[in-house]
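Next come the chains, spelled out residue by residue.
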Amino acid sequence: MTPRRLFYFSLRSPYSWLAHRELTLRHPEVAQALEWVPYWEPDAWSERLLAETGHTFVYTAMSRPKHFYILADVRRLAAARGLKVTWPVDREPVWEIPHLAYLAAERLGRGAEFADRVYTARWLEGRDVCDRDTMAAIGKDLGLDPGGLAGAADDPGLREEGARALRRAVDDGVFGVPYFIDGYDRYWGLDRLDAFLSGLGGGAAASAERLPEPETDARTGGDLDHGGGCG
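In this report, the structure presented in the accompanying data block is examined.

**As for the environment of Gly162**
Along the chain, the position of Gly162 falls in helix α9 (residues 156-171). In this structure, Gly162 is in contact with Trp40, Leu100 and Leu103, ignoring residues within four places of it in sequence.

**Focus: the environment of Arg167**
Within the secondary structure, Arg167 is located in helix α9. When the C-alpha positions of Arg167 and Thr53 are compared, they lie 8.5 Å apart, and in sequence the two are 114 residues distant. Not counting chain neighbours up to four residues away, the residues in contact with Arg167 comprise Leu49, Leu50, Thr53, His55 and Glu160.

**Brief notes about the packing of aromatic side chains**
Inspection of every chain in the model, using the stated rule, returns 13 aromatic pairs. Arranged with centres 5.3 Å apart and planes meeting at 10 degrees, the rings of Phe7 and Phe180 form a pair that is stacked. Of this pair, Phe7 sits in strand β1 (residues 5-9) while Phe180 sits in strand β3 (residues 179-182), and the two are 173 residues apart along the sequence. The two residues Phe7 and Phe180 agree in class, both being buried. With centroids separated by 6.4 Å and ring planes inclined at 75 degrees, the aromatic side chains of Tyr8 and Tyr179 adopt a geometry described as edge-to-face. Of this pair, Tyr8 sits in strand β1 while Tyr179 sits in strand β3, and the two are 171 residues apart along the sequence. Just as Tyr8 is buried, Tyr179 falls in that class too. Members of the aromatic cluster, connected to one another through ring pairs, are Phe7, Phe9, Trp36, Tyr102, Phe180, Tyr187 and Phe196.

Rules behind the numbers
- Residues numbered from 1 in each chain as written.
- Predicted model: local features only at pLDDT ≥ 70, side-chain atom pairs only at ≥ 80, totals over all residues.
- Heavy atoms only, no water.
- Helix = DSSP H or I, 4+ residues; strand = E, 2+ residues; numbered from the N terminus.
- Contact = heavy atoms within 4.5 Å.
- Phe/Tyr/Trp six-rings, centres within 6.5 Å; stacked < 30°, edge-to-face > 60°.
- Buried < 20%, exposed > 50% of the residue type's maximum accessible area, 1.4 Å probe, protein only.

So far we have only geometry, and geometry alone does not tell us how the molecule works.
Given below as structure tokens:
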């Protein structure tokens with residue numbers, strides 16, 4: 001039996017963004033073979049859908065010191081990869097807007113392209129990806145229905161599909177992203193990506209050029225997150 005191989009990711013998370021780049025640029029064959037499952041902090045509608053099946057989403061609010069640590073950590077990680085982050089400002093975000101738009105794009109076989117464009121908009125262009133106009137613009141750029149992506153969060157079918165993704169995360173014990181599953185093995189965080197790739201059995205981590213890792217001298221503490229993942 002082929003083991004389950006999943007990539008839980010969030011369009012909110014800078015560490016998911018960097019893991020996405022590692023996978024799609026350095027290990028495209030692995031990225032294509034994985035099942036991608038979106039993960040985000042649910043709004044009231046999604047929480048009601050989860051509650052209907054007895055599921056509770058696990059989320060720990062970020063402390064102020066950790067927030068400042070992540071700002072510096074992501075800047076270091078991005079710079080080591082030749083990237084300059086334009087940090088976005090989230091004002092009352094509704095994360096269903098981009099994540100259900102991802103599911104709409106994935107229905108058309110364009111999920112990976114959509115995720116790449118959203119990550120670029122968020123982390124390199126500093127755009128608000130919870131703005132429906134941003135979703136429409138990305139849809140137009142990709143040749144997808146702008147209105148369909150902008151209004152994905154209003155679609156009951158996509159709402160239920162999104163709730164199924166969040167239920168899977170709860171059932172799999174996911175508490176932060178990026179989070180990789182290979183059969184019974186779990187790997188959390190960008191800094192566990194190489195171990196995940198090595199565990200796949202194909203030597204993926206050793207066979208492709210590896211991106212340089214910056215030196216770090218700190219780790220966050222006091223809650224669930226660390227320098228390679230977001231909760």
